[in-house]
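Residue-level structure breakdown
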Amino acid sequence: MLSGIDYVVVIAYLVGIMALGLYFARFVRSADDFFLSGRSLPFWAIGMSIVVSDIGAMDFVAVSGQAYRYGIAVGNFDWLGSVPAMLLAAFVFVPYFWKAGLYTIPEYLGRRYNDGVRTVASLTWIVFFAFDLGVIFWATGVMLETLMGWPVWLSILLTVVVVGLYTYFGGLIADVMTDVVQMIIMFVGGAAVVFLGLHHVGGWDGLVEKITALGQGYENHFKLIQPTDTKTPYPWTGILFGLTFVMANAYMIGNQAIAQRCLAARSVWDAKASMITGAFFKMFIPVLILFPGLIAVAAHPGLEDGDQAMPTLIRSLLPPGLSGLLFAAFLASLMSNVSSILTSTVTLWTKDIYERFIRKEASDRHYLVVGRCATLALLVFGVITAPVSDFFPGIYVAVQTFLSFFQGPVFSVLLLGIFWRRATAWGGFVGLVGGIATSGVLFVFQASLFTIEDPFLYVSWWSFVVGLLLTVVVSLATKPHPAERLAGLVYGWERPPTGGRCEGVTC
Amino acid sequence: MLNLDGLKGLLNFHWLAGVPLVAAQAAFLVLFVIIAMLVLSIPTVHIHEGLERPRWWHNLKLWAWGVLLMIFVTYCLF
């Protein structure tokens, strides 16, 4: 529960972040400024923004809870689930996306395949983000009420006002620049818990000693690689195939909320460097959100619910002032999450749907107004749908599971689109839709098909494989794209071939 | 008639159950080494693309190697 000094910290944070966001609104004069910051962002700001956009306030509780139950294996999601994918993105995908002058990732799919693929991918992301917003509002509001005694609606309305104002006026640049400060607050708040917690249990050696002494059930708590027959949701096969090869790449490359930041870089070098900077900061995220779970095992073994690990530590460790800082860190994660959803969804809506199907040749000013109106509409939708979550206890997990449905198929068409010149429009469309349908079937029959708990890693791998196979088979059976259409969209094909060296797309 | 056990074995990677955990850990380390080699093979002209006056610290290969070293050590230790 918060004391007087905690309230001072939280209010100072809220006022400061809103002022900062509104300051950057002065740089927004066109739709390009609003959606892509006029392509002016430096690598360090984008790198920090990518990291903080990816971490929600819920992760502090959920990941530390998973760490309490299963140990550091959950850290795979930030280490293996980020670093290789971010390097692949930095050196292969991002330069092509940036040089193509894209606004959205579905726009690449549209140019590489056709409007059908673009629209399916874009609508899927819009629907996901729109419903995710309400779910995040409610889940985080409930969590903050439990942890800090802060009323649910107060958290939601504060977030809506602060984030809504600076995103409405400042667009992506306000989103990214506030993220820089949000990340610093998140790191300081998270590090304070870890530092005090480690001190409490006798340092790293004390932590290892105490957990090892608990005996059976805790012998794998310090192992990242778990056997295939593990009872945890993280067998090494799922981590390698589902997470490293598919989900991580799909998330870091195909997710509009991540990729849009790189597209706004001031140079192609900054675009690449931003991803590597993000990978560097990602290496520290497990320390902040996973270690509290391990510390709780040592300090408070035998909790019935692992998700009580973080709340228990907060109650037992944090002095006045630091509670406020941690609360500010939670709010920072929530606000960053919400602002990245807003900016990416309104860009998808305006560029892939509105500009494409509703009004094609409008003025720049018109699209800026549409983007801002969409921001408001999305916020209102999020607030209205937030309490619905209260009637569906499993909806947070369900919405996150929905994400794993289409990540594999989207990545399969992106991968073949950039590396295989022979991939065709029909191939991409059938691969995408067939892959998503496969995810749905595997999810429905998961109890009879899979042996591990919550097999989303396997679902994303197999839907990726099906998407890949369908794209290949249908592409081979359909007419290839003309070579000139592929220039700048396929790896190693910067310009149309000349001099008869290569006559068609199949060479 | 669909062989459900065979399908389950395939979907759940039971065909890799015999791989020792040490070998699995080594596979992840090898993956990092392969990525490091691939990064090394990128032509320098692509690394400095977009810079007017490149300096040595602009070399993104060094940045990538630094991050890969961090993750390699992490997976060696745990």
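Residues numbered from 1 in each chain as written. Chains lettered and ligands numbered in written order. Predicted model: local features only at pLDDT ≥ 70, side-chain atom pairs only at ≥ 80, totals over all residues. Heavy atoms only, no water.

Our focus in this paragraph is the overall build of chain A. Tallying secondary structure elements over chain A gives 22 helices and zero strands in all. Taking 507 residues into account, the globule formula puts the C-alpha radius of gyration at 23 Å, and chain A, at 23 Å, falls close to it. With the C-alpha coordinates of chain A rotated into their principal frame, the extents come out at 70 × 55 × 40 Å. Counting the 507 residues in chain A, one finds 64% classified as buried. (Helix = DSSP H or I, 4+ residues; strand = E, 2+ residues; numbered from the N terminus. Rg over C-alpha atoms; globule rule 2.2 N^0.38 Å. Buried < 20%, exposed > 50% of the residue type's maximum accessible area, 1.4 Å probe, protein only.)

On a plain count of helices and strands, chain B comes out with four helices and zero strands. Taken over C-alpha atoms, the radius of gyration comes to 20 Å for chain B, far larger than the 12 Å a tight globule of 78 residues would show. Each principal axis of the C-alpha distribution contributes one length, and for chain B these read about 65 × 35 × 15 Å. Out of the 78 residues in chain B, the part that is buried amounts to 33%. Taking the intrachain contacts of chain B between residues at least 6 apart in sequence as the baseline, contacts between residues at least 24 apart amount to 51%. Of the roughly 4,900 Å² of accessible surface on chain B, a fraction of 72% belongs to carbon and sulfur atoms. (Contact = heavy atoms within 4.5 Å. Areas by Shrake-Rupley, 256 points an atom, 1.4 Å probe, with all protein chains shown as cover.)

With that settled, the discussion passes to the interface of chain A and chain B. Of the residues lining the interface, 45 residues belong to chain A; the matching set on chain B comes to 37 residues. Interface of chain A and chain B: buried area, both sides summed, is about 3,700 Å²; carbon and sulfur atoms make up 80% of it. Counting every contact that joins chain A to chain B gives two salt bridges. Among the ionic pairs, K272(A) bridges to E49(B), the shortest N-O distance being 3.4 Å. Inspection of the chain A/chain B interface yields ten residue pairs in polar contact (both at pLDDT 80 or more). Counting residues per element, the ones that place at least two in the side of chain A that touches chain B are α5 (83-99), α10 (236-254), α12 (268-282), α20 (446-449) and α21 (456-477) of chain A. Broken down by class, the residue content of the side of chain A that touches chain B amounts to 33 nonpolar, nine polar and three charged. (Buried area = accessible area lost by both parts, 1.4 Å probe. Salt bridge = Lys/Arg side-chain N within 4 Å of Asp/Glu carboxyl O. Polar contact = N/O pair within 3.5 Å; in protein donor to acceptor, adjacent residues only side chain to side chain. Nonpolar A, V, L, I, M, F, W, Y, C, P; charged D, E, K, R; others polar.)

Residues and elements named next belong to chain A. Within the secondary structure, G254 sits in helix α10. Placed 157 residues apart in sequence, G254 and F411 show a C-alpha to C-alpha distance of 6.5 Å. The contact partners of G254, leaving out residues within four places of it in the chain, are I105, W125, N249 and L414.

All names here are of chain A. One way to put it is that α10 packs onto α21 with a least axis distance of 8 Å and a crossing angle of 55°. The pairing of α10 with α21 is recorded here as oblique in orientation. Crossing angle aside, the handedness with which α10 passes α21 is left-handed. Each of T237, G238, I239, F241, G242, L243, F245, V246 and M247 in α10 lies in contact with α21, whose residues at this interface are F456, L457, Y458, S460, W461 and F464. (Axes fitted to C-alpha atoms, helices over the stretch in contact; angles between N-to-C directions. Parallel < 35°, antiparallel > 145°, perpendicular 65-115°, else oblique. Left-handed = near helix turned anticlockwise from the far one by under 90°.)

This part covers the packing of aromatic side chains. Residues and elements named next belong to chain A. Applying the stated rule across the entire model yields 48 aromatic pairs over all chains. Ring centres of F93 and F419 lie 6.1 Å apart, and the angle between their planes is 90°; this geometry places the pair in the edge-to-face category. Highlighted residues: F93 in helix α5 and F419 in helix α18 (residues 395-419), separated in sequence by 326 residues. Owing to a relative accessible area of 40%, F419 belongs among the partly exposed residues under this scheme. Its end group placed over the ring of Y113, R112 keeps NZ or CZ at 5.4 Å from the ring centre. In this structure, K351 packs its charged tip against the face of Y367, placed 5.6 Å from the ring centre. (Phe/Tyr/Trp six-rings, centres within 6.5 Å; stacked < 30°, edge-to-face > 60°. Lys NZ or Arg CZ within 6 Å of the ring centre and 35° of its normal.)

All names here are of chain B. Summing up the model confidence of chain B, the mean pLDDT is 90 and the portion of residues at 70 or higher is 97%. Within chain B, helix α4 (residues 60-77) carries the highest mean pLDDT (95), whereas helix α1 (residues 4-11) carries the lowest (84). With pTM at 0.88, the complex prediction returns an ipTM value of 0.92. (pLDDT = per-residue confidence, 0-100.)

This part is about the nonpolar core. One finds F91(A) and F330(A) to be the most contacted residues of the largest nonpolar core, which totals 204 residues. Tallying contributions element by element places helix α8 (residues 152-201) of chain A first for this core, with 20 residues. The residues contacting F91(A), other than those within four sequence positions of it, are I276(A), V39(B), I42(B), I47(B), L60(B) and A64(B). (Core = buried A, V, L, I, M, F, W, Y, C linked by side-chain atoms within 4.5 Å.)

On to the layout of surface pockets, then. Its boundaries defined by the atoms lining it, the second largest pocket holds a volume of some 750 Å³. Taken together, 30 residues make up the lining of the second largest pocket; nearest its centre are L88(A), F91(A), V92(A), F419(A) and L38(B). Residue assignment for the lining of the second largest pocket shows that the elements contributing at least two residues are α5, α10 and α18 of chain A together with α2 (21-40) of chain B. The greatest single-element share of the lining of the second largest pocket, amounting to nine residues, is contributed by α5(A). Of the residues assigned to the lining of the second largest pocket, the class counts are 21 nonpolar, five polar and four charged. (1 Å grid on protein atoms, 1.4 Å probe; cavity = no way out; pocket = protein on both sides within 12 Å on 5 of 7 lines; lining within 4 Å. Points joined across faces, edges and corners; volume = space filled by probe spheres on them.)

Before going further, it helps to examine helix α16 (residues 322-358) of chain A. Residues and elements named next belong to chain A. Here α16 is 37 residues long and its end C-alpha atoms lie 50 Å apart, about the 54 Å a rise of 1.5 Å per residue gives. Along α16, the sharpest change in direction is near 30° and occurs at T350. Most of α16 is tucked away: 30 of the 37 residues are buried. (Expected span 1.5 Å × (residues − 1). Bend = angle between axes of the 7 residues up to and from the residue.)

Okay, the packing of helix α7 (residues 115-148) of chain A against α16(A) next. Residues and elements named next belong to chain A. Across the interface, α7 lies against α16 with an axial gap of 9 Å and an inter-helix angle of 160°. On the basis of the axis angle, α7 is roughly antiparallel to α16. Taken as a pair, α7 and α16 cross one another with a handedness that is left-handed. By residue class, the composition of the contact of α7 with α16 is 22 nonpolar, seven polar and six charged.

Right, let's get into a nonpolar patch on the surface. Residues and elements named next belong to chain A. Taken together, L22, V161, L165 and F169 make up a surface patch of nonpolar side chains, about 300 Å² in accessible area. The greatest single-element share of the nonpolar patch, amounting to three residues, is contributed by α8. Turning to its location among the elements, L22 is positioned in helix α1 (residues 4-24). For L22, a relative accessible area of 35% translates into the label partly exposed. (Patch = residues over 30% accessible without salt bridge, like charges linked within 9 Å, V, L, I, M, F, W, Y side chains within 5 Å.)

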